[in-house]
Amino acid sequence: MTDTSRRPTIYDIADTAGVSHMTVSRYLRFGGERTREPTRSRIRAAIETLDYRPNLAARAMRTTRTGRLAILLPFGTAASSVHMLAGATEEARQAGYQIDAMILEGSTAERSTRMLQLAEAGLFEGLLALTYLASDRQEQIASRVPVVVGAEYDDEMRGIGDLADASPVAEIIERLADRGHRRFVHVAGDPAHTTARSRAEVYEETISRRGLESAGVIGGDWLGETAHRAVLELPESPRATAIIAANDTLAAAAMHAALQRGWRVPEDVCVAGWDNSGVSEWTTPPLTSVKVDYEELGRRAMTQLLATIHNETPPIYSSPIGEVVWRASTDYDAL
């Protein structure tokens, strides 16, 4: 039942009309044009019944041009976030906006509340969150200022979203299979990370789809010594001839273990990593790895926010943000 002692909200309209508050928010934002009948009639009737009047101060706040946008990240030290901020900032500046980058500590609920406060302050024309927000807060924020949740990190700054796209793993396996490799092994990262789980899942799916053999998914954390030990413990026969590691540290440790066992890289066993870290081109032999375009991720997220601000349809991207950088650790012709 609606409390008549207070001003009705979109949540009261939603309860009366029997729809979600997101549907009401969309109805109000576009004047009913994007809401189908009979939902539109029910919302209109609920508005009349409750004598709902929009908060004019909030509406004015939403339409005030400040030329400023905010990008929010959770607390952490992921180097990739710096590159994402650079890409997003450049995209915003080309559109004539200034960027305020903010790092918010605390839980999802605490960060969401802080973002709602920023939305209500009227300082920004739009907010870009590169981390999760509570769904109820997200709708409240969106009712005050355009917001895009391009969640690329979780509460612990672990990659999610597009950062967890592991399709390049399939590309590496496919190419090595085409060159005659039949038995593979995956040195996995910590399964608490979406990125690690995704790379392991793509590895197993590709092996199954191509009818290849797997010597297993080994390792299970981001420690080089774990990868090193796991490769030392692999059976001599049948021998895996390709090692796909979840990052470059694991790949370098795996390569070291292979060499200790007398396996030549890449003549006896190929090794590939992920991240295209600074050392990947200086290992012996240089390491095949996956380069992730973090700046492009930032540009895409900002493009979506700008489209939301201007009521435009955001572009749809089909190209992956990860690219395989082929080096001699998987190609003896390159030695």
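Residues numbered from 1 in each chain as written. Predicted model: local features only at pLDDT ≥ 70, side-chain atom pairs only at ≥ 80, totals over all residues. Heavy atoms only, no water.

What follows concerns the overall build of the chain. Counting its secondary structure elements, the chain contains twelve helices and ten strands. By the burial criterion, 49% of the 335 residues in the chain qualify as buried. Within the chain, residue pairs in contact and separated by at least 24 positions form 71% of the contacts whose partners lie at least 6 positions apart. Surface summary for the chain: the accessible area is close to 16,400 Å², and the carbon and sulfur share equals 49%. (Helix = DSSP H or I, 4+ residues; strand = E, 2+ residues; numbered from the N terminus. Buried < 20%, exposed > 50% of the residue type's maximum accessible area, 1.4 Å probe, protein only. Contact = heavy atoms within 4.5 Å. Areas by Shrake-Rupley, 256 points an atom, 1.4 Å probe, with all protein chains shown as cover.)

As a further point, take the sheet that holds strand β7 (residues 242-245). The parallel open sheet is built from four strands, whose spatial order is β6-β5-β7-β8. In the strand order of this sheet, the two ends are held by β6 (213-219) and β8 (270-272), each with one partner. Put simply, the sheet's adjacent strands are angled 15° from each other on average, direction ignored. Bridging between β7 and β8 involves three bridges; their strand directions are parallel. (Pairing = 2+ DSSP bridges. Axes fitted to C-alpha atoms, helices over the stretch in contact; angles between N-to-C directions.)

Turning to helix α12 (residues 294-309), a few remarks are in order. In this model α12 runs 23 Å from its N-terminal to its C-terminal C-alpha over 16 residues, within 8% of the 22 Å that 1.5 Å per residue would give. Within α12, twelve of the 16 residues are buried, which leaves it mostly tucked inside the rest of the structure. Within two residues after α12, N311 carries a phi angle of roughly 55°, on the positive side. (Expected span 1.5 Å × (residues − 1).)

Glancing now at the pairing of strand β5 (residues 183-188). The element β5 is largely enclosed, with a buried count of six among its six residues. Alternating residues of β5 divide into R183, V185 and V187 and F184, H186 and A188, and every residue in both groups is buried. The pairing of β5 with β6 spans five bridges and is classified as parallel. Considered in β6, the bridge of V187 is made with I218. Assessed by its sense of winding, the connection that carries the chain from β5 through helix α9 (residues 194-210) to β6 is right-handed. Sheet topology places β5 next to β7; four bridges connect them, and they run parallel. (Right-handed = clockwise from strand over helix to strand, strands pointing away.)

This paragraph deals with the nonpolar core. Judged by nonpolar contacts, the single largest core of 37 residues is most densely connected at L69, I71, L128, I173, F184, I244 and M302. Per-element tally for this core: the top contributor is α12, with seven residues. Residues contacting I244, with those up to four places away along its chain left out, are V169, I172, I173, L176, F184, V185, H186, V187 and A272. By size, the runner-up hydrophobic cluster in this structure holds 23 residues, among which are L234, I243, A246 and L250. (Core = buried A, V, L, I, M, F, W, Y, C linked by side-chain atoms within 4.5 Å.)

Evaluation of the coordinates by the stated rule reveals 15 salt bridges. Between R68 and D100 there is a salt bridge, with the nearest N and O atoms lying 2.5 Å from each other. Linking R68 in strand β1 (residues 68-74) with D100 in strand β2 (residues 98-104), this pair joins segments that are 32 residues apart in sequence. Take R68: its relative accessible area is 29%, and that puts it in the partly exposed class. With relative accessibility at 22%, the residue D100 sits in the partly exposed group. With a closest N to O distance of 2.6 Å, E174 and R209 form a salt bridge. Placement of the pair is E174 in helix α8 (residues 167-178) and R209 in helix α9, with a sequence separation of 35 residues. By relative accessible area, which is 45% here, R209 ends up partly exposed. (Salt bridge = Lys/Arg side-chain N within 4 Å of Asp/Glu carboxyl O.)

What follows covers the packing of helix α10 (residues 224-232) against helix α11 (residues 248-260). Running from N to C, α10 and α11 point in directions that differ by 35°, and their axes come no closer than 8 Å. Along this stretch, α10 crosses α11, giving a crossing that reads as right-handed. Across from G224, A227, H228, V231 and L232 in α10, the residues of α11 making contact are T249, L250, A253, A254, H256, A257, A258 and Q260. In terms of residue class, the contact of α10 with α11 is built from eight nonpolar, five polar and no charged. (Left-handed = near helix turned anticlockwise from the far one by under 90°. Nonpolar A, V, L, I, M, F, W, Y, C, P; charged D, E, K, R; others polar.)

Once that is clear, we can look at the environment of L223. Relative to the assigned elements, L223 resides in the loop between β6 and α10. Overall, L223 belongs to the partly exposed group, its relative accessible area being 43%. Put simply, L223 and D190 are 33 residues apart on the chain and 9.1 Å apart in space, counted from C-alpha to C-alpha.

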